Amino acid sequence: MATMEYKCPNCGGPLSFNPDKQMFSCQYCLSDFQPQQIQAMYAQNEQSETYDEKEIKAQERRAARGEGDGDDLVGYTCPSCGAEVVTTATTAATNCFYCQSPVVLGSRLSDAFKPDRVVPFALSKDKAVETFLKLCGKKKFLPAGFTSKKQVEKMQGVYFPYWYLDEQLSGALTARGKKERSWTQGNRRYTETTIFRLFRAGDMQIMNVFERALKSNSREMLQSVHPFDLSKAQPFAMSYLSGFSAEKRDIEQAEAAPILDERIKGYAEQLLKDTINGYQGVTTESFNHKVFNKRWNYTLLPVWIVTYKFNGEILPYAINGQTGKIYGSLPVAMGKLVLWAAIIAILVFIVCLLGGMLFA
Ligand SMILES: [Zn+2]
Ligand SMILES: [Zn+2]
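Residues numbered from 1 in each chain as written. Chains lettered and ligands numbered in written order. Predicted model: local features only at pLDDT ≥ 70, side-chain atom pairs only at ≥ 80, totals over all residues.

*Asks:* Now, about the overall build of the chain: what can you tell me, with residues and values included?
*Replies:* Scanning the chain from N- to C-terminus turns up 7 helices and 15 strands. In the chain, which comprises 360 residues, the proportion classed as buried is 28%. A sequence separation of at least 24 residues applies to 70% of the contacts in the chain between residues at least 6 apart. (Helix = DSSP H or I, 4+ residues; strand = E, 2+ residues; numbered from the N terminus. Buried ≥ 20, exposed ≤ 12 C-beta atoms within 10 Å, placed from the backbone. Contact = placed C-beta atoms within 7 Å.)

Laid out in structure tokens, this is it:
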């Protein structure tokens, strides 16, 4: 497995992307570097080091068969400490379990698997932890240890893969609508209903319709953590992943295409329908569309993830690594709840008893 490691040009220490500064920072000598500088330094290495023909071919074969990588575990040797590290088959960046050095598994994201763009983390781990604790602060009855330092330390920054689709299309809509007019003449009331056939047609551009590109995580979580500000997206560079985890897609474009096409068709129909004003009971009779331009963007998006094992279930929490929007519902420790209920019951009992005594 071809791996990439980004080292500080001053001291050789490991470099990670710093969300607060939007620069690369060395944790040893505290130097900062512009992303362009690091990209230029490593451009050649990334090309030669990450080109693992055998693995790319194997990935393509699996993708063509629609198999994905499943849960296969894959080993690589940490370039810093030489330890043998095992990852799942979709892992594209991680930290060495032994020496904590950031490592990018370059061949997972090269060639056909190279993302088009990446939205770099803008929310640091400290801010993500703060956001999570703020959410917890509002709730009582959380299980013991839920907000412990040990628990929140496990929070991990992960780049998740998504398919984005832009389409230019022309659509034509036929609909039926009515107008009613009522009046009174003598002692009779008249209502006149006129039925209209309505036509609308136009060219539209529908941008940034997305779907997750990774099966192995909850779809609800991966979709709910949106929206992201895509104007901040950068052309993909492997170095952005340094210091974070990253996942490689296991859902291919061909699999995402019908879902996204259908959704865009729905949006196009709605856009045309929304231009019909002044009619009642508008119903679509037919809608035709023709797509004349499509653009796909395989995109990596930043998400902070922390999980909690509760009653044998793994609860995921996801925080948008750009905006801090949080996904996940907090567990309620029944033990604590029952205790509170018991205390309240005893209080009521005592109050009753007092009452009973007073009014006896
Ligand atoms: Zn350094
Ligand atoms: Zn290591």
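Having seen the model, we can carry on.
*Asks:* An account of unusual backbone geometry is needed here, citing residue identities and associated values.
*Replies:* Geometrically, the link from H226 to P227 is a cis peptide bond, its omega value of 5 degrees lying close to zero. As for its placement among the helices and strands, P227 is situated in the loop between helix 5 (219-224) and strand 11 (234-235). Positive phi is not limited to glycine here, since L30 has a value of about 60 degrees. With respect to the secondary-structure elements, L30 resides in the loop between strand 2 (23-26) and strand 3 (32-33).

*Asks:* A description of the sheet that holds strand 2 should follow, citing residues and the corresponding values.
*Replies:* Reading across from one edge, 1-2-3 is the order of the 3 strands in this open sheet, with antiparallel pairing throughout. Because the sheet does not close on itself, it has two edges, and the strands there are strand 1 (15-18) and strand 3. (Pairing = 2+ DSSP bridges.)

*Asks:* Before we move on, can you summarise helix 6 (residues 253-273) with the specific residues and values?
*Replies:* In this model, helix 6 (21 residues) spans 29 Å end to end at C-alpha, consistent with the 30 Å of a helix rising 1.5 Å per residue. Restricting attention to buried positions, one finds in helix 6 the residues A256, L260, I264, A268 and L272. (Expected span 1.5 Å × (residues − 1).)

*Asks:* How would you sum up the nonpolar core? Please name residues and give values.
*Replies:* Membership of the largest hydrophobic core comes to 60 residues, with the highest contact counts inside it found for Y159, W163, L241 and V303. Ranked by residues supplied to this core, first place goes to strand 9 (residues 156-185) with 10 residues. Setting aside its immediate chain neighbours within four residues, L241 contacts A92, A93, V104, Y159 and A246. (Core = buried A, V, L, I, M, F, W, Y, C linked by C-beta atoms within 7 Å.)

*Asks:* Break down the environment of D250 for me, with residues and values.
*Replies:* Within the element layout of this structure, D250 appears in the loop between strand 12 (245-247) and helix 6. Since 21 C-beta atoms lie within 10 Å of it, D250 is described here as buried. For the pair D250 and R212, spaced 38 residues apart in sequence, the C-alpha to C-alpha distance is 9.7 Å.

*Asks:* I'd like a description of the pairing of strand 1, backed by residues and values.
*Replies:* Where strand 1 and strand 2 come together, 4 bridges link them in antiparallel fashion. Pairing of F17 across the sheet is with F24, part of strand 2. Connecting the antiparallel pair strand 1 and strand 2 is a turn made up of 4 residues, with Q22 showing a positive phi of about 55 degrees.

*Asks:* I'd love a proper account of the environment of D116, names of residues and values included.
*Replies:* Mapped onto the elements, D116 comes out in the loop between strand 7 (102-104) and strand 8 (117-118). Along the sequence, D116 and P235 sit 119 residues apart, while their C-alpha atoms lie 6.2 Å from each other. Non-local contacts of D116, meaning those with residues more than four positions away in its chain, are made with F236, N297, Y298 and T299.

*Asks:* If you had to explain the environment of F244 to someone new, which residues and values would you point to?
*Replies:* One can find F244 in the loop between strand 11 and strand 12. Under the C-beta neighbour-count criterion, F244 is labelled buried, with 26 such atoms within 10 Å. Between the C-alpha atoms of F244 and G157, which are 87 residues apart in sequence, the distance is 5.3 Å. With sequence-adjacent residues up to four places away left out, F244 is seen in contact with A93, F121, G157, V158 and Y159.

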